[in-house]
Amino acid sequence: AVRGPASGGPVKAGVVGVGGMGTELVSRCQKEFIDIKAICDINPRNRQKVAAALVKAGWPEPKQYEEWREMLEKEDIEAVINATPLWAHADIVLGCLEAGKHVLSEKMMAKTEPDCRRMLEAAQRNNRVLEIGYQRNYNPIYNATYENIIKPGALGDIYHARLVWHRGNNWRRKQEPPTPDYNPSKWGYPDWDHLLNWRVYKQYSEGLVAELGSHMLNVTNWYFDSMPEAVYTTGGINRFKDREVFDHVYSTFEYPGGRTVTFSSIESNGFEEAYEMFLGTKGTLILKRETEAYLFNEGGENAPVQATKVETSPQTSNPVAEASATRPTSDQGGRAGNASTQTQTTDRGLSYRDEIAGFCAAIRTGQPVRCGPAKAMQSAVTVLAANQSADKKARVEIPKI
């Protein structure tokens, strides 16, 4: 279980980037772990909204800043939560680490492999905690299924996994600028649209594989205790012509031991939603939307159906996969008559909460974080190789790190 700091009280922190993701993270902060002294965002509407929300929730009013460097100079803080667009990660994280601050930064780690390496080295050089925001590492369901299904080999030999994130909506957002004359050009965004919709422009973003797929690849690397050796990616800008990154992408990853992993993300149909599926010789595990887990017996034509109980992981404080009433597989859209299912749900917001708590506990007690820079860099290198494959229209070997 994630426990509070042993001494020193809540970690004094600032938050850089309080758009959608930053707002979510702030909403999951607990006063016993973290003391939010300041918030920083180049969009005044974002910082004003979050500051007001903190006050309404009973926090002292945080100082507001437009420039993160000014926040570091003026505020007595120990740590920074960074939730800015991907291309800005390296400069901000490096600046904070060199200033002696611990950092929890959103995923991906950075937009290039050299920047990832610089961040890792800066954390080591300055003896500071650097955690990257792959919240599934703190999700009780993922921890329980790893400890009680994957690690003991309950699925048998796994040769294939499917990673799916399908949506039927446009990634592009619509929102009025904070003021009619708002100009973000001094921060590298030529206009309001480039700031608001940074994910669809290659200068700032690595597209769907980074923003969505890297979460799932991070889990796969964790569960397989390895990273892929090669990747082949195809895709295109098929439905929405208003962007520079693919709105449909399909990657095939080659892992050691004859394991093949496919990832697909589309923006034309949301039927399959989002899930990771691990298919073994003894069973299949499906982790859906970060909130539900399903375990199917592989069995055989004459094999009896047996329920499987997923025990609570010793790493988590919550019962995550108690045995529940089994249902015929046909109820879940699977094949009927030859499998049992176990289901359990959780609140995905708890993962963000425990991620922040774990980051603060690491600062106070030295307990390790669950997705530090070495682990997160593997996910980033995997994504970058996938996108390189799409650009080259060729299979790309992935360097070991």
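Refer to the preceding data block for the structure.
Keep in mind it's a predicted model, so treat the numbers as computed, not measured.

Remarks on the pattern of salt bridges
Close approach of charged atoms lets side chains of opposite charge pair. Enumeration over the complete set of coordinates arrives at 27 salt bridges. Linking E24 and R28 is a salt bridge whose minimum nitrogen-to-oxygen distance equals 3.2 Å. Taking the relative accessible area as the measure of exposure, R28 reaches 27% and is therefore partly exposed. K37 is the partner of D35 in a salt bridge, and the nearest nitrogen-oxygen pair spans 3.2 Å. Judged by relative accessible area, D35 falls into the partly exposed class, the value being 22%.

Points about the pairing of strand β7 (residues 158–166)
Both β7 and strand β11 (residues 274–280) contribute to a ladder of 7 bridges, which runs antiparallel. The partner of R162 across the bridge, within β11, is M277. Where β7 lies against strand β10 (residues 259–266), 7 bridges are found, and the strand directions are parallel. Of the residues in β10, the one forming a bridge with A161 is V261.

Details of the environment of M21
In this fold, M21 is placed in helix α1 (residues 20–27). For M21, a relative accessible area of 24% puts it in the partly exposed group.

Description of helix α6 (residues 140–150)
Of all 11 residues in α6, 10 are buried, a share of seventy percent or more. Of all the positions in α6, only P140, I141, Y142, N143, A144, T145, Y146, E147, I149 and I150 are classed as buried. You can read the cap of α6 off the contacts: a side-chain oxygen lies 2.9 Å from the backbone nitrogen of I141, and it is on N139.

What about the sheet that holds strand β5 (residues 102–106)?
In space, the 6 strands of this open sheet follow the order β3-β2-β1-β4-β5-β6, with parallel pairing throughout. The sheet terminates laterally at β3 (63–65) and β6 (130–133), the two strands that pair on one side only. Between one strand axis and the next, the sheet turns through 25° on average, direction left out of account. Here strand β1 (residues 11–16) runs beside strand β4 (residues 79–82); their pairing, made up of 4 bridges, is parallel. Bridging across to β4, V16 finds its partner in N82. Taken strand by strand, helix α9 (residues 349–365) contacts β1, β2 (34–40), β4, β5 and β6, and its axis lies near 160° from that of β5.

Describing the packing of helix α4 (residues 89–98) against helix α5 (residues 113–125)
Closest axis-to-axis distance for the α4/α5 pair is 9 Å, and the angle between their directions is 10°. What the angle tells us is that α4 and α5 run roughly parallel. Both α4 and α5 take part in a crossing whose hand is left-handed. For the pair α4 and α5, contact is made by A90, V93, L94, L97 and E98 and by D115, R118, M119, A122, A123 and R125, respectively. The residue inventory of the contact of α4 with α5, partitioned by class, reads 7 nonpolar, no polar and 4 charged.

Some points on the nonpolar core
Soluble globular proteins: nonpolar side chains tend toward being buried together. Counting 86 residues, the largest nonpolar core has M71, M109, L130, Y223 and F253 as its most contacted members. Tallying contributions element by element places helix α8 (residues 207–224) first for this core, with 10 residues. Dropping the residues within four chain positions of it, L130 is found in contact with V93, L97, V103, M109, M119, A123, V369, G372 and P373. Among the nonpolar cores identified, the runner-up in size contains 27 residues, and V18, I34, A83 and A357 belong to it.

Cut-offs and rules
Residues numbered from 1 in each chain as written. Predicted model: local features only at pLDDT ≥ 70, side-chain atom pairs only at ≥ 80, totals over all residues. Heavy atoms only, no water. Salt bridge = Lys/Arg side-chain N within 4 Å of Asp/Glu carboxyl O. Buried < 20%, exposed > 50% of the residue type's maximum accessible area, 1.4 Å probe, protein only. Pairing = 2+ DSSP bridges. Helix = DSSP H or I, 4+ residues; strand = E, 2+ residues; numbered from the N terminus. Polar contact = N/O pair within 3.5 Å; in protein donor to acceptor, adjacent residues only side chain to side chain. Axes fitted to C-alpha atoms, helices over the stretch in contact; angles between N-to-C directions. Contact = heavy atoms within 4.5 Å. Parallel < 35°, antiparallel > 145°, perpendicular 65-115°, else oblique. Left-handed = near helix turned anticlockwise from the far one by under 90°. Nonpolar A, V, L, I, M, F, W, Y, C, P; charged D, E, K, R; others polar. Core = buried A, V, L, I, M, F, W, Y, C linked by side-chain atoms within 4.5 Å.

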